[in-house]
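Notes for the structure review
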Amino acid sequence: MADCLFCKIASGEIPSEIVFQDDQVTVFKDINPAAPVHLLVIPNKHIPSIQEMEEGDVELFGRLFLTAKQVAQQAGIADSGYRLIVNNGPDAHQEVLHVHMHILGGGAMKHPMG
Ligand code: 5GP
Ligand code: ZN
């Protein structure tokens, strides 16, 4: 999609610290890290949010999780643990309308439910 920040990051048009990329998925460092390790896992295909996910995207979303597992291992947080977050829509503060999974780790976090 022409005017999407994360599409431009996936295509390389906007520079970022990409830590993994294949034909379906890109992983890059969050520009404003909220934890010692903060990565974003995105499908290369433009899907604005989970609400636009379709039956044909099921395998792609499986890939997002498998890639998260692999880059967590690569980043050295597989054993210490990490949190996967997908903010969806305004109430959840989804700021970029290209679906993305946050990987947060590298230090103990508070429980998100308090
Ligand atoms: P959201 O609130 O939509 O779930 O998360 C968007 C994330 O994208 C934020 O954590 C923000 O720091 C990150 N972000 C926004 N713009 C850029 C950018 O240009 N480059 C990178 N690497 N991350 C970005
Ligand atoms: Zn996009």
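Shown above is the structure to which this text applies.
Residue positions are given per chain, counting from 1 as you read along its sequence in written order. Labels follow written order: the first chain is A, the first ligand is 1, and so on. Two thresholds apply to this predicted model, a pLDDT of at least 70 for residue-level local features and 80 or more for giving and counting side-chain atom pairs, whereas whole-chain, interface and lining totals are computed over all residues. Excluded from the side-chain calculation are hydrogens and water; included are all heavy atoms of the structure.

It is worth spelling out the side chain of Q94 at this point. Secondary structure elements are taken from DSSP: a helix is a run of H or I of four residues or more, a strand is a run of E of two residues or more, and numbering for both begins at the N terminus. For Q94, the location among the structural elements is in the loop between β4 (82–85) and β5 (101–105). Among the polar contacts made by the side chain of Q94, one reaches the main-chain amide nitrogen of G89 at a distance of 2.9 Å. Of the polar contacts made by the side chain of Q94, one reaches the backbone oxygen of V96; its length is 3.0 Å. Note on definitions: a residue-residue contact is assigned when non-hydrogen atoms from the two residues lie within 4.5 Å. Ignoring anything within four residues of it in the chain, the contact list for Q94 reads P48, S49, N87, N88, G89 and H100. Any pair of N or O atoms that falls within 3.5 Å is considered a polar contact. Within protein, one atom must be able to donate a hydrogen and the other to accept it, and sequence-neighbouring residues count only if both atoms are side-chain atoms.

Next up on the list: the sheet that holds strand β1 (residues 18–21). Any two strands with at least two DSSP bridges between them are considered paired. Reading across from one edge, β1-β2-β3-β5-β4 is the order of the five strands in this open sheet, with antiparallel pairing throughout. Taken across any chain shown, the strands that pair with only one partner, and hence form the sheet edges, are β1 and β4. Direction aside, the axes of adjacent strands within the sheet are offset by 20 degrees on average. By the bridge criterion, four bridges tie β4 to β5 in an arrangement that is antiparallel. Across the sheet, the residue bridging to Y82 is G105, located in β5. To obtain each axis, a line is fitted to C-alpha atoms, and for helices this fit is confined to the stretch in contact; angles are then taken between N-to-C directions over 0 to 180 degrees.

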